There are 2 protein chains.
Amino acid sequence: MIMKYKTVIVDDHPIVISGIAGLLSELDNIEIVEKFESGIALLDYIEDNKVDLILMDIFLPVINGVDLCKTIKQKHPKIVIIGMSSQSERSLVMQFIQNGGNGYILKNASFDEFKNCIYKAIEGEIVFSEEVKTIISQPLSEDLERIPGLSRRERDIALLLSQGKSTQEIADDLFLSFLTVQTHRRNILQKYKMKNVAELIAFLLKNNMLN
Amino acid sequence: MIMKYKTVIVDDHPIVISGIAGLLSELDNIEIVEKFESGIALLDYIEDNKVDLILMDIFLPVINGVDLCKTIKQKHPKIVIIGMSSQSERSLVMQFIQNGGNGYILKNASFDEFKNCIYKAIEGEIVFSEEVKTIISQPLSEDLERIPGLSRRERDIALLLSQGKSTQEIADDLFLSFLTVQTHRRNILQKYKMKNVAELIAFLLKNNMLN
DNA sequence: ATGGCAATACCTGATAAAATGTATTTTTTA
DNA sequence: TAAAAAATACATTTTATCAGGTATTGCCAT
């Protein structure tokens, strides 16, 4: 009798669970023992059942994948955990790996990529799908010239600006001097080399820097 | 011989395609004829092949689902198109429906929801999965008085405004009088009852009215 | 063909914002 | 704890925007 890796899938999209299950069914030494739509259910399950491999979505309701991975690894360091998501942020992937994750796959990866990553992960490697590799292997370019963030106050003011407030109104709202708000405005515009507030707001919104 | 609905799936995640394909295989009168990872490939395909139903992701590379739906419906109004996404924004769903979409399903919908929606859609209904319904049925009041669109010229000017151009620069760019641009600006601000350009740009971007 | 809308253009006064310079206090962080 | 960053405040000059009118032309849809 062949030992199969007892595998669990966690994803809040039934469709995705079904897709991965279909894919994994082609792998001889993988046996899907459970499927969950939330991390809480998974935590319960692994207390009472043997699990070798977990494929988990990173964006889950209630508890997110990064924290979930950490929690599981603390008690069950031998379980191989592979993270998945639709879009990936560099910092998120790094966090996941730092919390003990054994790999990270983007959902737009091909079937072959999925298979390869899973095989290598259960052999002990840390694996990434192609696109993830390209994202995390640009530490020089993107990390160094990454846009400086808004300070708290600057964000407050930018937000009110996007609501059409004038300098005076913002000053009143935040209990500041008109002149202080004016200085902040100037600093923000200078920081991002923007010509005026219109361009600034467009820039901030496009980069999700407001809210 | 039973007539089956010729169905195409478009999603940039192979896993999701596989999942939906698995789900649809349980439906007797649905036949999956093709699967695509991009909208461009789909557009080519429907020129030469009969298609009755399209299930498409909204967030696609190159061309997004909303535009894709519009393009397809212009030439092939009889094709039933159902949109899908992981997260949904109210305005996005409305836009999709306004562009001719026949329904919208969140990917976290259950299998039963998927099946029901697909059945009803091919019977001519406009369908939404449960969570989408709750999202779109929140503020009736504001949405029924749907926002008037920008005219061509107004859009040009709004776009340049979002790039930080001054009235004079816009006038130069578009070979218009300074005064004409000034009038357009005023009209746009008045139309949406915005206090200034900053608020206007925020409003337009949030409603996807630029680009 | 005509009424409505879009696009064009002009005038003016009041107000708001941008550019520039300086400076103190508080908070963060190395 | 010392240095750096952020937040605060002030003053002045120049430039741009906003809001109030008015008016002509072209288009396109009833």
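These numbers come from a predicted model, not from an experiment.

S.K.: Explain the domain arrangement of chain A to me, using residue names and the numbers behind them.
M.R.: As far as domains go, chain A holds domain 1 (5-141) and domain 2 (152-204). Taking only C-alpha atoms, the centre of domain 1 of chain A and the centre of domain 2 of chain A are 42 Å apart.

S.K.: Which residues make up the protein's contact with DNA strand C, and what values do they have?
M.R.: Arg185(A), Arg186(A), Ser151(B), Ser177(B) and Thr180(B) are the nearest of the 19 residues found near DNA strand C. Thr180(B) is positioned with one of its side-chain polar atoms (N or O) 2.7 Å from a phosphate oxygen of DNA strand C. Contact distances for DNA strand C include 3.1 Å between a phosphate oxygen and a side-chain N or O atom of His184(B). Looking at the surface near DNA strand C, the element that brings in the most residues is helix H10 (residues 178-191) of chain B, giving 5 residues. Taken together, the residues of the surface near DNA strand C sort by class into 4 nonpolar, 10 polar and 5 charged.

S.K.: An account of the protein's contact with DNA strand D is requested, with residue identities and associated values reported.
M.R.: By nearness alone, 20 residues border DNA strand D, and Ser151(A), Ser177(A), Thr180(A), Arg185(B) and Arg186(B) come closest of all. The contact in question runs from a phosphate oxygen of DNA strand D to an N or O atom on the side chain of Thr180(A), over 2.7 Å. Measuring from a phosphate oxygen of DNA strand D, one finds a side-chain N or O atom of Thr167(B) at 2.9 Å. When contributions to the surface near DNA strand D are tallied by element, the ones reaching two or more residues are helix H8 (152-162) and helix H10 (178-191) of chain A together with H10 of chain B. When residues in the surface near DNA strand D are grouped by element, the largest group, 6 residues, is from H10(A). By residue class, the composition of the surface near DNA strand D is 4 nonpolar, 10 polar and 6 charged.

S.K.: I'd love a proper account of the nonpolar core, names of residues and values included.
M.R.: The nonpolar side chains of a soluble globular protein tend to be buried, and buried together. One finds Tyr192(A), Leu204(A), Tyr192(B) and Leu204(B) to be the most contacted residues of the largest nonpolar core, which totals 47 residues. For this core, the secondary-structure elements that each account for two or more residues are H8, helix H9 (167-174), H10 and helix H11 (197-206) of chain A together with helix H8 (152-162), helix H9 (167-174), H10 and helix H11 (197-206) of chain B. Counting 46 residues, the second largest nonpolar core, distinct from the first, contains Leu53(A), Ile17(B), Val80(B) and Phe114(B).

S.K.: So what about the side chain of Asp57(B)? Which residues, and what values?
M.R.: Residues and elements named next belong to chain B. Along the chain, Asp-57 falls in strand E3 (residues 53-57). A polar side-chain atom of Asp-57 sits 3.5 Å from a polar atom in the side chain of Lys-107. When neighbours within four sequence positions are excluded, Asp-57 is seen to be in contact with Val-10, Asp-11, Asp-12, Gly-65, Met-84, Ser-85 and Lys-107.

S.K.: Describe the side chain of Thr167(B), naming the residues involved and giving the relevant values.
M.R.: Of note, Thr167(B) is situated in helix H9. Residues in contact with Thr167(B), not counting those within four places in the same chain, are Phe178(B), Val181(B), Gln182(B) and Arg185(B).

S.K.: If you had to explain the interface of chain B and chain A to someone new, which residues and values would you point to?
M.R.: In this assembly, 31 residues from chain B lie in contact with 31 residues from chain A. Run the count over chain B and chain A and you get 0 salt bridges. Summed over the shared surface of chain B and chain A, the result is 6 residue pairs in polar contact (both at pLDDT 80 or more). Sorting the residues of the side of chain B that touches chain A by element identifies helix H1 (14-24), helix H5 (111-122), H8 and H11 of chain B as the ones contributing at least two each. Taken together, the residues of the side of chain B that touches chain A sort by class into 14 nonpolar, 10 polar and 7 charged.

Conventions we followed
- Residues numbered from 1 in each chain as written.
- Chains lettered and ligands numbered in written order.
- Predicted model: local features only at pLDDT ≥ 70, side-chain atom pairs only at ≥ 80, totals over all residues.
- Heavy atoms only, no water.
- Domains from an automatic or database assignment.
- Near = heavy atom within 4 Å.
- Polar contact = N/O pair within 3.5 Å; in protein donor to acceptor, adjacent residues only side chain to side chain.
- Helix = DSSP H or I, 4+ residues; strand = E, 2+ residues; numbered from the N terminus.
- Nonpolar A, V, L, I, M, F, W, Y, C, P; charged D, E, K, R; others polar.
- Core = buried A, V, L, I, M, F, W, Y, C linked by side-chain atoms within 4.5 Å.
- Buried < 20%, exposed > 50% of the residue type's maximum accessible area, 1.4 Å probe, protein only.
- Contact = heavy atoms within 4.5 Å.
- Salt bridge = Lys/Arg side-chain N within 4 Å of Asp/Glu carboxyl O.

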